[in-house]
Amino acid sequence: MALVFLVFFLLPLAATIVVSFWQYTQYSIEPAFTAQNYGDVFRGCLADLPDLCTTFVTYLSTLKFGVIVWACTLTLGFTIAYFLAFHVRTLKVQVIFFLLCTIPFWTSIVIRMISWIPLLGRNGLINQTLISMGVIDTPLEGLLYSDFAVVLALTHLYTLFMVVPIFNSLMRIDRSLIEAARDAGASDLQTLVSVIIPLARPGMLIGSIFVTTVVLGDFLTIGIMGGQQIASVGKVIQTQMQFLQFPLAAANAVILLLAVLAGVWALLKLVDIRKEL
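Residues numbered from 1 in each chain as written. Predicted model: local features only at pLDDT ≥ 70, side-chain atom pairs only at ≥ 80, totals over all residues. Heavy atoms only, no water.

Asker: Go over the packing of aromatic side chains, please, and point to the residues and values.
Answerer: Evaluation of the coordinates by the stated rule reveals 9 aromatic pairs. Each ring, one from F21 and one from F33, has its centre 5.2 Å from the other, and the planes form 15 degrees; the classification is stacked. Here F21 is found in the loop between α1 (2–19) and β1 (23–24), whereas its partner F33 is found in the loop between β2 (29–30) and α2 (36–41), with 12 residues between them in sequence. With centroids separated by 6.2 Å and ring planes inclined at 20 degrees, the aromatic side chains of F78 and Y82 adopt a geometry described as stacked. Here the residue F78 and the residue Y82 both occupy positions in helix α3 (residues 54–86), the gap between them amounting to 4 residues, near one helical turn. With a relative accessible area of 13%, F78 lands in the buried category. (Phe/Tyr/Trp six-rings, centres within 6.5 Å; stacked < 30°, edge-to-face > 60°. Helix = DSSP H or I, 4+ residues; strand = E, 2+ residues; numbered from the N terminus. Buried < 20%, exposed > 50% of the residue type's maximum accessible area, 1.4 Å probe, protein only.)

Written as structure tokens, this is what we have:
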């Protein structure tokens, strides 16, 4: 396992960091040390004050999607996991429901995103249904190629990453604790807030790490569902790689990695996973 970790994680990470300090031109890449790539990432940021420069605006846009999708997936993931853990009594039925949740993952991520277009498009099913019902007179423009479409697609893609760890934590809860809370006069809401949610925190934290790290680096979903009009750090890195600006893309990737690690560190400060598990 240590060898796998070394080959597939540490070596690529080290290569990315090394390349981020290389020099490049429009025609070549030179393995010569320079910190100019990191300066280019934040070029003009001081000159634009008090306004935010393009880099900070892009990072804020990426963070916005990360927070919104995290909140949506956490709400849906906890609700689904709670239903499976406490309202589905037999293991066979739980397995069936889990298989239903995983069916979308049997297809390509691109197909899953494209499947929203016939629903959300200007002449899509939702707009046509609302027009036929007399709810609206003209098609809604903000359903597709918008922030809403991006959040919807990302939530659809990554909710399962939240369901599985939360379900695992809920199944580990001693049911006698819930019975004791009810015997003490606690309502269902009080039992949920004071007993179930605190004991499910490890799963919620693990799911949050899974979702936020994937969403912050996403570029494909934002590109397709945003109509190539919404900025994100992942799209910036993709564009730089298309123009063969690998050192600059690597510098952006390292900065994004540090930002994600800072967020993960903050989450780990909330719950000691090793102690809880």
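Here the narrative resumes.
Asker: Just give me the short version of unusual backbone geometry, but keep the residues and values in it.
Answerer: Positive phi, normally seen in glycine, also occurs at Q228, with a value near 60 degrees. For Q228, a relative accessible area of 53% gives the class exposed.

Asker: An account of the UniProt feature "transmembrane region" (unreviewed entry) in the protein is needed here, citing residue identities and associated values.
Answerer: As annotated by UniProt and renumbered to match this structure, "transmembrane region" (unreviewed entry) occupies residues 67–88, 95–117, 148–167, 204–226 and 246–268. The span residues 67–88 carries 91% helix and 0% strand; its end-to-end C-alpha distance comes to 30 Å. The annotated region residues 148–167 carries 95% helix and 0% strand content, and the separation between its end C-alpha atoms amounts to 27 Å. (UniProt positions renumbered as here; feature names shortened; annotations may be inferred.)

Asker: Lay out the packing of helix α9 (residues 160–171) against helix α12 (residues 201–216) with the relevant residues and their values.
Answerer: Running from N to C, α9 and α12 cross one another at 165 degrees; their axes reach a closest spacing of 7 Å. Relative to α12, the element α9 is oriented roughly antiparallel. Seen along the crossing, α9 lies across α12 with a hand that is right-handed. On α12, the residues that touch F161, M162, P165, I166 and S169 of α9 are P202, G203, M204, I206, G207, S208, F210, V211 and V214. Tallied by class, the residues present in the contact of α9 with α12 amount to 10 nonpolar, 4 polar and no charged. (Axes fitted to C-alpha atoms, helices over the stretch in contact; angles between N-to-C directions. Parallel < 35°, antiparallel > 145°, perpendicular 65-115°, else oblique. Left-handed = near helix turned anticlockwise from the far one by under 90°. Contact = heavy atoms within 4.5 Å. Nonpolar A, V, L, I, M, F, W, Y, C, P; charged D, E, K, R; others polar.)

Asker: Let's hear about the packing of α12 against helix α15 (residues 246–270): which residues, and what values?
Answerer: Where α12 contacts α15, the axes come no closer than 10 Å and their chain directions differ by 170 degrees. The pairing of α12 with α15 is recorded here as roughly antiparallel in orientation. Residues R201, L205, S208, I209, T213 and L216 of α12 lie in contact with α15, whose contacting residues are L256, V260, V264, L267, L268 and L270. Looking at the contact of α12 with α15 residue by residue, the classes come out as 9 nonpolar, 2 polar and 1 charged.

Asker: Hey, could you go over the pattern of salt bridges for me, with residue numbers and the actual values?
Answerer: Taken as a whole and judged by the stated rule, the model has 3 salt bridges. K64 is the partner of D147 in a salt bridge, and the nearest nitrogen-oxygen pair spans 2.8 Å. With D147 in helix α8 (residues 147–158) and K64 in helix α3, this residue pair connects regions lying 83 residues apart in the sequence. For D147, a relative accessible area of 34% corresponds to the partly exposed category. (Salt bridge = Lys/Arg side-chain N within 4 Å of Asp/Glu carboxyl O.)

Asker: How would you explain the nonpolar core if you had to name every residue and give the values?
Answerer: Counting 38 residues, the largest nonpolar core has I166, L170 and M225 as the members making the most contacts within it. The set of elements that each furnish at least two residues to this core consists of α3, α8, α9, α12 and α13 (220–225). Top element by residues in this core is α3. It accounts for 8 residues. Once residues lying within four places of it in the same chain are set aside, the contact partners of L170 are F78, A81, Y82, A85, F86, R175, I196 and A200. (Core = buried A, V, L, I, M, F, W, Y, C linked by side-chain atoms within 4.5 Å.)

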